[in-house]
Amino acid sequence: MADGKTRSPFILRAVPVVVLAVTVVTFTQTPAAQGRRGGGPAPTGPSDTDQRPYDKHDLNGYWSRGPATYKVGDCPECRDTLPIPVPGYGYFGDVPPRTPEGEKRLQATKHARGYEPNSEAAKRYPTLDPAYKRAGLPAFSSDPEQRCEPIGLARSLTMTRGGPGVFEMVQSSDRIIQMFEWGWDFRSIWMDGRTLDKVADLTPRFNGYSVAKWEGDTLVVTSTGFDDRQWVDMFGFPISEKAILVERWERPSPNRLRMQMTLTDPENYTRPWPSSVKTWALIPRQRMALDGAANGWADLLEDRCVPSDEALFNTFRDHAAGKK
Amino acid sequence: MNIQTRLVALLMLVIPAIASAHHGSGISYDVAHLWTTWATITQFNYKNPHPTMTVDRTLKDGQVEHWTTELLTSPAQLSRAGWTKVRSEDALKTGTRLKLWIGTARVGGTSGIVMHLENAMGNEVLQSIGGPSAAPKAVEMDGVPMGLQPTGADKLVPGSAGQADQ
């Protein structure tokens, strides 16, 4: 620090106050509460314009954790609710201690999210895992996303608000295709009886290999065979090729999709890692217009990370960091 | 409303947006101290992960100052709000004069993040979601050399890893 003081910028010092304030605002912005008070914009509609009969085993549709982007009713439960607030979005949950190798891999990464080390905000939460207290400028990050490398399955599932984060589920009798808007990426979740026994012999994939079966009204998806160049989320947590990710998906109401996942990766973590619960809101197709129009061309955007675009952006990013 | 309350109100406006900037841009800029200036677009790039632009500011003594900026929003968010590439590039054509709400890079200098934009008619352009938004509180610095530069705890050493307290 230029002035020798151990102070963090105001934006981080004020985070707890702001989180409380945002929480209050969030819970007063339900569709019913939005109303017409103050002459504000008309309340957005709920996502119940979908006319399909409610079927807990039907996961088809567009799902987003930031439904406001699509002018769909607010979804407070779509936000990560954490015992300790962390700037950014991620896998979260009950973070396990790393193995020596896992810790070494984590420390080899540099990211730009969470709290700055030794900042007042970081010190305010002594029990928060140190992995969330390593934020630096993006210009010095080793985040594979900043090179447009595929971000991988777990990280795609942790994308949350705004444009990145929406996905489409297309379901058939023997598989579900999950298409992620950010990265223009997809995976197949096979339900044709195949197993993961031989996956260790196959070339690792960023999105791994996925199979699923129904347990009552819960779709249990098991994946393995991950390319280990990816991070679990934006905080740099490592994942090995032999890691097993088990997702438990439910459709608890017509307009909500809920998932909790557990990562078992003995190479990097000392015990299984259960994530926080993630919730998505159903976005009616007509709200997916690519130009925001009422009856526009509705679809996922081709929201790719293009290396030449990223390289241009990085020149601005580097300038902002005074990087030579 | 005291200054602390005003600042918290401002942060309530910007933090959700910063959280959506998935490349972590927010940490690079002093978004707690915004300032405004008129500027002329010299280049606008409607590209992922965040749009960028270069602008020229004319100072009170007539000299021209060149700035590089990024926008907090993304092409995906802009598209969903109706700001397609064609519409956005038309609104930010080279030579267009706009009023910018800027947070200067924490290392200082002529780099910043644009949090709000208005055209000569006073209309907001490139708003992402939710329609027109109120202009955030900012210090008027039109024509003032270097605009508002970060100070004290908000300032970083250029070229450092950006971890302020190490």
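Going by the structure above, here's the rest.
Residues numbered from 1 in each chain as written. Chains lettered and ligands numbered in written order. Predicted model: local features only at pLDDT ≥ 70, side-chain atom pairs only at ≥ 80, totals over all residues. Heavy atoms only, no water.

Visitor: How should I be thinking about the overall build of chain A in this particular structure?
Guide: If you tally the helices and strands in chain A, you get 7 helices and 10 strands. Within chain A, buried positions represent 53% of all 324 residues. If you take every contact in chain A between residues at least 6 apart in sequence, the share linking residues at least 24 apart comes to 63%. When the accessible surface of chain A is summed, it comes to about 14100 Å², and 56% of that surface belongs to carbon and sulfur atoms. (Helix = DSSP H or I, 4+ residues; strand = E, 2+ residues; numbered from the N terminus. Buried < 20%, exposed > 50% of the residue type's maximum accessible area, 1.4 Å probe, protein only. Contact = heavy atoms within 4.5 Å. Areas by Shrake-Rupley, 256 points an atom, 1.4 Å probe, with all protein chains shown as cover.)

Visitor: Sorry, what's going on with the state of the cysteines here?
Guide: In a disulfide, the sulfur atoms of two cysteines are held together by a covalent bond. All names here are of chain A. Enumeration according to the criterion identifies 2 disulfides over all chains in this entry. The side chain of C75 participates in a disulfide bridge whose partner is C78; the two sulfur atoms lie 2.0 Å from each other. Judged by the sign of its S-S torsion, about 80°, the bond between C75 and C78 is right-handed. Among the residues examined, C75 registers a relative accessible area of 2% and is labelled buried. A sulfur-sulfur distance of 2.1 Å marks the disulfide that ties C148 to C305. Measuring handedness by torsion sign, the sulfur bridge of C148 and C305 sits at about -75° and is left-handed. Here C148, found in the loop between α5 (120-124) and α6 (153-158), pairs with C305, found in the loop between β10 (278-283) and α7 (307-321); they are 157 residues apart in sequence, far enough to count as distant. In this structure C148 comes out as buried when scored by relative accessible area, which is 15%. Once the disulfide-bonded cysteines of chain A are ranked by sequence position, their pairing pattern turns out to be 1-2, 3-4. (Disulfide = S-S within 2.5 Å.)

Visitor: Just checking my understanding: could you explain the pattern of salt bridges for this structure?
Guide: Residue and element names in this part refer to chain A. Applying the stated criterion to the full structure yields 26 salt bridges over all chains. The residue R155 makes a salt bridge to D143 at a minimum N-O spacing of 2.8 Å. Taken together, the residues R155 in helix α6 and D143 in the loop between α5 and α6 connect sequence positions 12 residues apart. The same class applies to R155 and to D143, which are both buried. R194 serves as the salt-bridge partner of D192, at 3.0 Å between the closest nitrogen and oxygen. The class for D192 is partly exposed, based on a relative accessible area of 38%. Since its relative accessible area comes to 41%, R194 is described here as partly exposed. Among the charged side chains, a network of salt bridges with common partners joins R65, D80 and K278. (Salt bridge = Lys/Arg side-chain N within 4 Å of Asp/Glu carboxyl O.)

Visitor: Just to check I follow, could you spell out the pairing of strand β3 (residues 175-180) of chain A for this structure?
Guide: All names here are of chain A. Of the two faces of β3, only the one carrying I176, Q178 and F180 is buried; R175, I177 and M179 on the other face are not. Taken together, the 5 bridges between strand β2 (residues 167-171) and β3 define a ladder with antiparallel strand orientation. Each residue of the ladder has a partner; that of V170, found in β3, is I177. Between the end of β2 and the start of β3, which pair antiparallel, lie 3 residues. (Pairing = 2+ DSSP bridges.)

Visitor: What exactly am I supposed to notice about the side chain of S111(B) here?
Guide: One can find S111(B) in strand β5 (residues 111-118). Contact partners of S111(B), with chain neighbours within four places excluded, come to F316(A), H319(A), A320(A), Y29(B), W67(B), T68(B), G103(B), T104(B) and A105(B).

Visitor: Help me understand the environment of T42(B), please; the structure alone is not making it clear to me.
Guide: Residues and elements named next belong to chain B. With respect to the secondary-structure elements, T42 resides in strand β1 (residues 35-45). Here the alpha-carbon distance between T42 and M121, two residues 79 residues apart in the chain, equals 20 Å. Excluding residues that lie within four positions of it along the chain, T42 makes contacts with T54, V55, D56 and T94. Reaching out from T42, the side chain makes a polar contact with the side chain of T54 at a distance of 2.6 Å. (Polar contact = N/O pair within 3.5 Å; in protein donor to acceptor, adjacent residues only side chain to side chain.)

Visitor: Is there a simple way to think about unusual backbone geometry in this case?
Guide: Note: most peptide bonds trans; most residues except glycine with negative phi. Following N48(B), the chain continues into P49(B) via a peptide bond in cis, with omega recorded as -5°. Looking at where P49(B) falls in the secondary structure, it is placed in the loop between β1 and β2 (52-58). One non-glycine residue, N118(A), adopts positive backbone phi at about 65°. Of note, C148(A) is a non-glycine position whose phi angle comes to about 65°, a positive value.

Visitor: Looking at this structure, how should I read the packing of aromatic side chains?
Guide: Working definition: an aromatic ring pair is given by the centre-to-centre distance plus the angle between the planes. Residues and elements named next belong to chain A. Evaluation of the coordinates by the stated rule reveals 14 aromatic pairs over all chains. Pairing F167 with F180 gives two aromatic rings, centres 6.1 Å apart and planes at 75°, and the pair type is edge-to-face. Placement of the pair is F167 in strand β2 and F180 in strand β3, with a sequence separation of 13 residues. Like F167, the residue F180 is buried in the burial classification. Through a chain of ring-to-ring contacts, three or more aromatic side chains come together here, namely Y91, F92, Y132, F235, F237, Y269 and W273. (Phe/Tyr/Trp six-rings, centres within 6.5 Å; stacked < 30°, edge-to-face > 60°.)

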